[in-house]
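Each chain, letter by letter, is given below.
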Amino acid sequence: MASIRIDGLTKVYPGDVTAIDGLDVTVEDGSFFALLGPSGCGKTTLLRTIAGLEEASGGSISIGDRDVTRLAPGDRNVAMVFQDYALFPHMTVTDNIAYPLRIKKVGRSERAAKAAETGEGLGLSALMARRPGELSGGQQQRVALARAMACQPDVFLLDEPLSNLDARLRLEARTFLKRLQKDLGVTTVFVTHDQSEALAMADQIAVMEAGRIRQLGTPSEIFRRPANTFVANFIGSTPMNMLPGKLVGGVLQVGALEGVDAVAAGWAGREAPDGEVTVAFRPEYARVDGKGPLVFEGTVETTESLGASVLVTARTDDGQRVQVVVPEGEEPEVGAVVGVAPASGRVLVYDAEGELLSPSSSVP
Amino acid sequence: MFDVLEKYDILAAFWMTIKLTFFSAIGALVIGTVLAIMRVSPVAVLRRLGAFYVNVVRNTPLTLIVFFSLAGVGIVLQINLVDPNSATSLRDNAIRWAMVALAVYHAAFVCEALRSGFNTVPLGQAEAARSIGLTFGQSLREVILPQAFRGAIAPLGSVLIALTKNTTVASVIGVAEASALMKVIIENETASVAVFLVFALGFVILTLPVGLLFTSLSRRLAVKR
Ligand SMILES: Nc1ncnc2c1ncn2[C@@H]1O[C@H](COP(=O)(O)OP(=O)(O)O)[C@@H](O)[C@H]1O
Ligand SMILES: [Mg+2]
């Protein structure tokens, strides 16, 4: 077990593609760490560079006290679980699990015992004599995990661990993976482009964009207080409401509303230069009953059912679109005039560069 | 017509065909495997050498290679593959050189068959092997080749069938295999169509089981992913 420290890591692919761009991050010992970001932002590259399957172009990677930047994959004591599992199709489940131990020169009987024990822990006992082609997707994933676990690595690396499972199994596997990681206590880094997966499973999330980390935090920090407009736009099952506003003499103006009370906006008024800002709030953290210190008047354009709740889309008089999620049965009629009121303390203010102005803790 | 055939030792001629096939098949498999490994190796020079061999050999007529082996390499360079003092040295030398030539020629096709087998192995297999800590040699031996051979069984069967039939080219350097005997019989006797049919049947008897065996093997050993 070990922490992972990454300093100034850069990975440039042939053809001058910078996939990782001077990235620093520390993954705490024993944590379940998610790399989250849109497709092509460098998640897989970062994971593969930690595994040693790609060579770093610059910077360093340490696992525990060891600098592993130049070590071969097999010498890093990490175990990678591939997106397509990459089980050996010509070997039985037992051999798949035991094979890495053979490379580590573990004796035959000890190998068999270890494979049986690991397999049993993952509910594979009845399948040990089968070949991967005779297993379901979920079972194959467990074999891949067992193969990784049998080596007792310092670190697990999982690339999109749930993407090859069908939707129903995915929820089950989420719970299973999270419990397994907690039971084993092994530092685990996993890659996902699915924010709900990251929010549900991880202790820490790094949101990436173009080879850099844009925010590092717990799921609730990332969900409640995105550090910049990129993360704010990326996170959340419904898009964040983003309205243009202005800071004049330290006082916030949003649309037609002038001189909005700083406290009402949950914005403690850090010394910020006057200028354009973006005022943001989540559709989940707003109401349509006009009760609140900050109210945007608008006309309901559409209502869409999300199952237990309804997404209401309204347009303000000055043409801004605002969305609110309300409980099912409480949605207004299309065409009705409503007052959209974000919950106090849930309004975020971003400066012209898109960085969060609100203090990152102490929500009033 | 059968009394015509009884004057000749047809079985011995086909036995020579089988021997030629057997030994050159083993040679071709060994050389072809080495070539295939060269062609997928991480070393660019080896890859290019392998590709060069395949392209040159595959595009040269087999007759030329067989003739060149004995006449060019065997006789001009005075390389004997048998004890020159034995009574049958000339004949045996031609047979050995025919085997070498057939092996060298078909190795190119074995290499391509294996390469198609390599292509059935996903890249992830090599990476999984590497991340477990296997060396290039180990991952080749234990992970890649077993799968590549299984994926190459059907094309390898086709190469073996082609090789069986191509042994007839050995007659150009005087090896007394089946087709050489057929020519002799047709020249000496009158029932040429019947003789031709008998020899054709002989080759079908040799190659048909090979085809069936390889088809069933490739089905049984197929890698389920
Ligand atoms: N082997 C490669 N050669 C060249 N460019 C690559 C290679 N692998 C990935 N890239 C590029 O690097 C960037 C990051 O890719 P990747 O790490 O796969 O992103 P993600 O996993 O976040 O979708 C992309 O622009 C991609 O095109
Ligand atoms: Mg990826």
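Rules used throughout
Residues numbered from 1 in each chain as written. Chains lettered and ligands numbered in written order. Predicted model: local features only at pLDDT ≥ 70, side-chain atom pairs only at ≥ 80, totals over all residues. Helix = DSSP H or I, 4+ residues; strand = E, 2+ residues; numbered from the N terminus. Buried ≥ 20, exposed ≤ 12 C-beta atoms within 10 Å, placed from the backbone. Contact = placed C-beta atoms within 7 Å. Nonpolar A, V, L, I, M, F, W, Y, C, P; charged D, E, K, R; others polar. Core = buried A, V, L, I, M, F, W, Y, C linked by C-beta atoms within 7 Å. Near = placed C-beta within 6 Å.

Details of the overall build of chain A
Point 1. Of regular secondary structure, chain A possesses 8 helices and 20 strands.
Point 2. In chain A, which comprises 364 residues, the proportion classed as buried is 42%.
Point 3. Pairs at least 24 residues apart make up 67% of the contacts formed inside chain A by residues separated by at least 6 positions.

Thoughts on the interface of chain A and chain B
Point 1. Contact with chain A, which involves 17 residues of that partner, is made by 16 residues of chain B.
Point 2. Among the elements that take part in the side of chain A that touches chain B, helix 2 (residues 93-103) of chain A stands out by supplying 3 residues, more than any other.
Point 3. Of the residues that constitute the side of chain A that touches chain B, the class distribution is 11 nonpolar, 3 polar and 3 charged.

Focus on the nonpolar core
Point 1. Judged by nonpolar contacts, the single largest core of 157 residues is most densely connected at L157(A), A98(B) and V110(B).
Point 2. By residue number, the principal contributor to this core is helix 5 (residues 89-119) of chain B, which donates 19 residues.

Remarks on the environment of K114(A)
Residue and element names in this part refer to chain A.
Point 1. Position of K114 relative to the elements: it lies in helix 3 (residues 108-121).
Point 2. With 19 C-beta atoms packed within 10 Å, K114 lands in the partly exposed category.
Point 3. Separated by 216 residues in the primary sequence, K114 and E330 have C-alpha atoms spaced 57 Å apart.
Point 4. If sequence neighbours within four positions are ignored, K114 has contacts with A98, L101 and A150.

Regarding the site of ligand 1
Residue and element names in this part refer to chain A.
Point 1. In the neighbourhood of ligand 1, the contacting residues comprise Y13, V17, A19, G37, S39, G40, C41, G42, K43, T44 and T45.
Point 2. Where the shell around ligand 1 is concerned, the elements lending two or more residues are strand 2 (17-27) and helix 1 (43-51).
Point 3. Looking at which element gives the most residues to the shell around ligand 1, the answer is helix 1, with 3 residues.

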